[in-house]
Amino acid sequence: MDSTSICYQITNDADLILKILGLLGGIIVFTIGSSQYKTAQRWKQSEFLAKEMNDFNNNVDVMRAMVMLDWTQAEIFLYEEERLNELKDKTELSFDNGMLLKAFSDHNTVKDFGDEGFRIRQIFDTFLYELGKFQIYLDNDLITKMDLKKHVIYWLNIIGGNDNKGKSEEVIKALWHYIDVYQYNTVKRLLRTYGIKI
């Protein structure tokens, strides 16, 4: 082999080595970039979920519904502070499971829910609407099922009758009927997401 052939071979080998190193470098840069992108996306999802959970947990009607789900009976304020002066005697409610049963009835069964029953329905409408939004967030990959679970599973178990906290089967079934009749389908899907069927 003459020196020209050897130089030509070394040049070809060097080109091949540079191409391989360039390819490896590209793969490494892509992997690092992809990892950083996933980390940034995960962070954004976590921030989004934290904000939405804060909004959910600080919604006054959501808090009222949670008390009614969590307790067999208790006193709650029905209205916001702004309305307390104009309502005077209708600001506090001592609810019990019987009141929930009536409030969860549909319009074909009960014609007049009364002021308190109507207000309980408004409270649960807000709660169910806000709870259902989490299924939409899951559908759009804005949050993950695993991250959401720790925040909502307690309430989903109560709604699903898995942890009734003193709620009679009759009240739980009335709530299921309410969810079904008034088509809170995102709540039903959210329950199914966590293996809870109603």
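Reading guide: rules and limits
- Residues numbered from 1 in each chain as written.
- Predicted model: local features only at pLDDT ≥ 70, side-chain atom pairs only at ≥ 80, totals over all residues.
- Heavy atoms only, no water.
- pLDDT = per-residue confidence, 0-100.
- Helix = DSSP H or I, 4+ residues; strand = E, 2+ residues; numbered from the N terminus.
- Phe/Tyr/Trp six-rings, centres within 6.5 Å; stacked < 30°, edge-to-face > 60°.
- Buried < 20%, exposed > 50% of the residue type's maximum accessible area, 1.4 Å probe, protein only.
- Lys NZ or Arg CZ within 6 Å of the ring centre and 35° of its normal.
- Contact = heavy atoms within 4.5 Å.
- Polar contact = N/O pair within 3.5 Å; in protein donor to acceptor, adjacent residues only side chain to side chain.

A. Summary view of the confidence of the model for the protein chain. Averaged over every residue, the pLDDT of the protein chain is 84; the share at 70 or more is 83%. Averaged pLDDT values over the elements of the protein chain bottom out at 51 in helix 3 (residues 81-87) and peak at 97 in helix 8 (residues 185-193).

B. Spatial organisation of the packing of aromatic side chains. Within the structure shown, the criterion is met by 10 aromatic pairs. Where Tyr178 meets Tyr182, the ring centres are 4.9 Å apart and the plane angle is 50°; that geometry is what we call tilted. Judged by its relative accessible area of 26%, Tyr182 is partly exposed. On the numbers, 6.4 Å between centres and 15° between planes, the contact of Tyr178 with Tyr184 is stacked. On the basis of relative accessibility, which here comes to 14%, the residue Tyr184 falls in the buried class. Positioned over the ring face of Phe113 is Arg121, at 4.0 Å from the centre of the ring. Residue placement shows Lys145 over the ring face of Tyr194; its charged tip is 5.8 Å from the ring centre.

C. Looking closely at the environment of Arg121. Relative to the helices and strands, Arg121 resides in helix 5 (residues 114-139). By relative accessible area, which is 8% here, Arg121 ends up buried. Sequence spacing of Arg121 and Lys102 is 19 residues, and the spatial spacing of their C-alpha atoms is 9.7 Å. If near-sequence neighbours (up to four positions away) are discounted, Arg121 is found in contact with Ala103, Phe104, Ser105, His107, Phe113, Tyr178 and Tyr182.

D. View of helix 2 (residues 60-70). Inspection of helix 2 places Asp61, Val62, Arg64, Ala65, Met66, Met68 and Leu69 among the buried residues, and these make up the whole buried set. Regarding helix 2, its N-cap is Asn59, as a side-chain oxygen of that residue lies 2.9 Å from the backbone nitrogen of Asp61 further along.

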